Amino acid sequence: MRFASYRLIELEILSTNKAFGGVQGVYSHASAETKTDMSFAVFVPKHQKGAKLPVLWYLSGLTCTHANVMDKGEYRRLANELGLIIICPDTSPRGDNIPDDKGYDMGQGAGFYVDATEQPWATNFRMRSYIEQELPALIAQEFPADMNRQAIFGHSMGGHGALTIALRNPGRFKSVSAFAPIVAPLQCPWGHKALGGYLGAEQSAWREYDACALIDDGARMKEILVDQGTADQFLEEQLKPNLLIEACNKADIPLTFNMREGYDHSYFTISTFMDDHLRWHAERL
């Protein structure tokens, strides 16, 4: 697996803790893409020396950092059993000199996994290139990762990121899944604010960051898994999973869509169904 060439800076280890036989680490490095320090978490399961392990990326949602799923996602026990490296990046660049917005749904904590083209965002908000190129190059250098066996999943804004990144890079990812994803940013308030702000008013530029639009434009994955709660407060206005169901049906993409009665948008839901997603990806890796 080839990535763009980066001058890789030595990692700073922020913390490491043994868990379920593996090691949960948190790391920081100077990012060439975002022009600021970026933190991320990696869980490496117990393994034999010299082994290369499959990689599962988890992308977090609005307001989150790597810490939310690391603290609440309950993935380590099964990830160690299945032999999966779990990588949890941040959701945006951060810092005193990094642009921000008064709202929670744009700016720091809300990068939407795009490469911004509009000011003041364009210099630092390059989360697409960071996730698709720079961080994978660093992971390949520093961890026992088999970059030919990668999968990706995420929650909410991170579900949007996982779906769009996988659809744009189908040869890289063996599988993709999401918890309560934003599936059609072109058709919801979160998307209009963020994509309009980061990319400008011309909506044709937004399509590569919209899962339903990508599918309509010909992008394909072998299959997709989604879990969605019926008690999710963002279900009707922001998430609109029916649009993904329609797009997949039209494109003949097998979609396993689980509507979970009584579950909401929180990590209580994610932790409940985390094992299902880990096992699903492990089978395909």
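In what follows, the accompanying structure is described. (Residues numbered from 1 in each chain as written. Predicted model: local features only at pLDDT ≥ 70, side-chain atom pairs only at ≥ 80, totals over all residues. Heavy atoms only, no water.)

### Digging into the sheet that holds strand β3 (residues 37–44)
Ordered by their spatial adjacency, 9 strands build an open sheet running β1-β2-β3-β5-β4-β6-β7-β8-β9, and the pairing between neighbours is mixed. A strand with exactly one partner marks an edge of an open sheet, and here the two such strands are β1 (12–19) and β9 (255–260). Here the average twist between neighbouring strands, direction ignored, is 15°. Note: β1 against strand β2 (residues 22–30), 7 bridges, orientation antiparallel. Residue pairing across strands places Glu12 opposite Ser28, the latter belonging to β2. (Pairing = 2+ DSSP bridges. Helix = DSSP H or I, 4+ residues; strand = E, 2+ residues; numbered from the N terminus. Axes fitted to C-alpha atoms, helices over the stretch in contact; angles between N-to-C directions.)

### Quick notes on the packing of aromatic side chains
Applying the stated criterion to the full structure yields 10 aromatic pairs. Between Tyr27 and Phe143, the ring centres sit 5.2 Å apart and the planes meet at 75°, which makes this aromatic pair edge-to-face. In this pair, Tyr27 is assigned in strand β2 and Phe143 in the loop between α3 (127–142) and β6 (145–155), connecting sequence segments 116 residues apart. On the accessibility criterion, Phe143 (8% relative accessible area) is buried. Ring centres of Tyr58 and Phe153 lie 5.1 Å apart, and the angle between their planes is 80°; on these two criteria the pair is classed as edge-to-face. Of the two residues, Tyr58 is situated in strand β4 (residues 53–59) and Phe153 in strand β6; the sequence distance between them amounts to 95 residues. The pair Tyr58 / Phe153 is uniform in exposure class, with both members buried. For the cation-ring pair, Arg76 lies above Tyr75, with the distance from its terminal atom to the ring centre recorded as 5.0 Å. (Phe/Tyr/Trp six-rings, centres within 6.5 Å; stacked < 30°, edge-to-face > 60°. Buried < 20%, exposed > 50% of the residue type's maximum accessible area, 1.4 Å probe, protein only. Lys NZ or Arg CZ within 6 Å of the ring centre and 35° of its normal.)

### Examining the nonpolar core
Among the nonpolar cores identified, the biggest contains 68 residues, and Phe40, Val42, Phe112, Ile139, Ile152 and Tyr198 are the most heavily contacted of them. Among the nonpolar cores identified, the runner-up in size contains 24 residues, and Ala79, Cys88, Phe179 and Ile270 belong to it. (Core = buried A, V, L, I, M, F, W, Y, C linked by side-chain atoms within 4.5 Å.)

### Describing the side chain of Ser156
For Ser156, the position within the fold is in the loop between β6 and α4 (157–168). On the basis of relative accessibility, which here comes to 3%, the residue Ser156 falls in the buried class. The residues contacting Ser156, other than those within four sequence positions of it, are Gly61, Phe179, Ala180, Pro181, Ile182, Trp190 and His265. (Contact = heavy atoms within 4.5 Å.)

### Some points on the layout of surface pockets
Estimated volume of the largest pocket: approximately 190 Å³. In terms of lining, the largest pocket is formed by 13 residues, of which the most central are Leu62, Thr63, Cys64, His155 and His265. Here the lining of the largest pocket is composed, by residue class, of 6 nonpolar, 6 polar and 1 charged. (1 Å grid on protein atoms, 1.4 Å probe; cavity = no way out; pocket = protein on both sides within 12 Å on 5 of 7 lines; lining within 4 Å. Points joined across faces, edges and corners; volume = space filled by probe spheres on them. Nonpolar A, V, L, I, M, F, W, Y, C, P; charged D, E, K, R; others polar.)

### Topic: the pattern of salt bridges
Under the criterion given, the structure shown has 17 salt bridges. As a salt-bridge pair, Arg128 and Glu132 come within 3.5 Å of each other at their nearest N and O atoms. Of this pair, Arg128 and Glu132 both sit in helix α3, separated by 4 residues, roughly a single helical turn. A relative accessible area of 19% places Arg128 in the buried class. Classification of Glu132 as buried rests on a relative accessible area of 7%. As a salt-bridge pair, Arg260 and Asp276 come within 3.6 Å of each other at their nearest N and O atoms. Placement of Arg260 in strand β9 and of Asp276 in helix α9 (residues 267–284) is noted, with a sequence separation of 16 residues between them. Here the residues in one salt-bridge network are Arg77, Glu81, Asp275 and Arg279, joined through shared partners. (Salt bridge = Lys/Arg side-chain N within 4 Å of Asp/Glu carboxyl O.)

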